[in-house]
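Analysis of the macromolecular model
Here is what each chain is made of, one letter per residue.
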Amino acid sequence: MAIGLYNRGKVPWADSQLIYHALGNLGREALSLVSPATPYVCVGFHQDTAQEVDLEYCRQAGIPLFKREVGGGAVYLDGNQLFFQLILRRDNPLLPANRDKFYRRFLEPVVEAYRRIGIDATFKPVNDVVTGTKKISGTGVGEIGPCVVFVGNMILDFDFETMARVLKVPDEKFRGKFAKTMQGNMSTIRRELGPAAEAWTEEKLNAIMADEFAKVLGPLEPLDMDAELRAEMDRLAGLMLTEDWLMRKGRRLPGRKVKIRAGLELVRRTHKAPGGLLRAEWELVEDRYRGVSISGDIFAFPPSALEALEQALEGAPRRDVSKALEDFLAMTGAEFPGVATEDWLDLLCS
């Protein structure tokens, strides 16, 4: 039986999420191509909404929220992001058991779609599509009903300012660094192609995506919305658009960690030691510490000692950061009153 194709273009914002949840619950194998008619914020299944999102700002700005049954981070979504949503039953032989093979197989159509419009895209493990070093598609995967659901996007344009604003952050300094890091490590069709991007309408891009996915999935059967699918979407709306669903508790993590792209995270951590409150901020680049900055209520510490510690951690692999810290303390004999090695480890080991 051919896999269904729901090429619906612009839809009400909630429908852009409800459709793949409904298809998964119904056990229907399909490729859904949609984009939201109006903006919203979408939160990952395992996240704690209150920790991740600036709820007051979203309320004042009139930006609704949705919590999906797929992993990944909170993200601002609008009509300049064209979603692909692949729904396959768990027993489908097309599904590789290996995670790397899964992403390589099902991101190949996205890579090829970008190449067809003149963008030199490549697959970057674990699950990103990049051009050069910049991320140009975000993805997530989850299990819904009897199905595996894989979702992602082609990015026509991206509102970096609003994305930085809707997330809850420790302070405005962190927000500014987040915005700057995003802009330096993400790209869009309009950034890459300039004025030539205007030729690539949503209709044309979705046609290319359907064509490329058909090369992996086999022939796709164009389908329209039917009563059963609409009824399941409406049923799910009665659950997933409630405050109880949106605000259900997720994983609460110490400090703040935001993924920019595969291999790049921005991290802020705090730790209360007997000697005072410690703060640290760094970028985790390909699993190495970069740009470490340490501060806090630690005015008794010599600035030179903190700077030396920051330099000792620069470039340290995440798996070896505890050794780098212990080697620094042993070699320099640096003393930080009221802060033990265990306090530094609690602060710096993400």
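Look a little higher up for the structure.
Report follows, based on the coordinates.

What counts as what
Residues numbered from 1 in each chain as written. Predicted model: local features only at pLDDT ≥ 70, side-chain atom pairs only at ≥ 80, totals over all residues. Heavy atoms only, no water. Disulfide = S-S within 2.5 Å. Helix = DSSP H or I, 4+ residues; strand = E, 2+ residues; numbered from the N terminus. Buried < 20%, exposed > 50% of the residue type's maximum accessible area, 1.4 Å probe, protein only. Polar contact = N/O pair within 3.5 Å; in protein donor to acceptor, adjacent residues only side chain to side chain. Contact = heavy atoms within 4.5 Å. Phe/Tyr/Trp six-rings, centres within 6.5 Å; stacked < 30°, edge-to-face > 60°. Pairing = 2+ DSSP bridges. Axes fitted to C-alpha atoms, helices over the stretch in contact; angles between N-to-C directions. Parallel < 35°, antiparallel > 145°, perpendicular 65-115°, else oblique. Left-handed = near helix turned anticlockwise from the far one by under 90°. Nonpolar A, V, L, I, M, F, W, Y, C, P; charged D, E, K, R; others polar. Core = buried A, V, L, I, M, F, W, Y, C linked by side-chain atoms within 4.5 Å. Salt bridge = Lys/Arg side-chain N within 4 Å of Asp/Glu carboxyl O.

So, on to the state of the cysteines. If you walk through the whole model with that rule in mind, you get zero disulfides. C58 carries a free sulfur, and the closest cysteine sulfur to it, the one in C42, is 12 Å from it.

This next bit is on the side chain of T49. Here T49 is to be found in helix α2 (residues 49-52). Residue classification places T49 among the buried positions, given a relative accessible area of 0%. For T49, the side chain forms a polar contact with the main-chain oxygen of L246, separated by 2.6 Å. Residues in contact with T49, not counting those within four places in the same chain, are V43, L55, L65, K67, L246 and M247.

This paragraph deals with the packing of aromatic side chains. Tallied over the full model, the rule gives 10 aromatic pairs. Both rings, one in W282 and one in Y289, keep their centres 5.1 Å apart while their planes meet at 25°; by these two values the pair is stacked. With a relative accessible area of 0%, W282 lands in the buried category. Cluster of aromatic residues (ring-pair linked, three or more members): F84, F102, Y103, F106, F150 and F213.

Here the focus is the sheet that holds strand β11 (residues 147-155). Across the sheet, six strands lie side by side as β10-β11-β6-β2-β1-β12; this open sheet has mixed pairing. Each edge of the open sheet is held by one strand with a lone partner, namely β10 (139-144) and β12 (220-222). In this sheet, neighbouring strand axes are inclined to one another by 25° on average, regardless of whether the strands run parallel or antiparallel. As paired strands, β10 and β11 are joined by six bridges and run antiparallel to one another. Opposite V141, over in β11, you have F150 as the bridge partner.

Another aspect to go through is the packing of helix α1 (residues 15-26) against helix α9 (residues 227-240). When two helices pack together, you describe them by how their axes are tilted relative to each other and by the distance separating the axes. At a minimum axis distance of 8 Å, the contact between α1 and α9 shows a crossing angle of 115°. For the element pair α1 / α9, the angle class is roughly perpendicular. The handedness of the crossing between α1 and α9 is right-handed. Where α1 approaches α9, its residues D15, L18, I19, H21, A22, L23, N25 and L26 are matched on the opposing element by E228, L229, R230, E232, M233, R235, L236, A237 and M240. Taken together, the residues of the contact of α1 with α9 break down into 10 nonpolar, two polar and five charged.

This part covers the sheet that holds strand β5 (residues 75-77). Taken in spatial order, the three strands of this open sheet run β4-β3-β5, and their pairing is mixed. Each edge of the open sheet is held by one strand with a lone partner, namely β4 (65-67) and β5. Strand-to-strand twist of the sheet, defined as the mean angle between neighbouring strand axes without regard to direction, takes the value 30°.

The next thing to look at is the nonpolar core. In terms of nonpolar packing, the biggest core is built from 64 residues, with Y114 and I189 touching the most fellow members. A per-element tally of this core places helix α4 (residues 99-116) first, with eight residues. Apart from residues no more than four positions distant in its own chain, Y114 is found in contact with I119, A121, V129, I136, S137, N153, M154, I155 and I189. With 28 residues, the next largest nonpolar core counts A14, L18, V34 and L236 among its residues.

Inspection of the entire model under this criterion finds 26 salt bridges. Where K135 meets D128, a salt bridge forms, and the shortest distance between an N and an O atom there is 4.0 Å. The pair K135 / D128 is uniform in exposure class, with both members buried. A salt bridge links R235 to E232, with the shortest nitrogen-to-oxygen separation between them at 2.8 Å. Taken together, the residues R235 and E232, both in helix α9 and three residues apart, mark about one turn of the helix.

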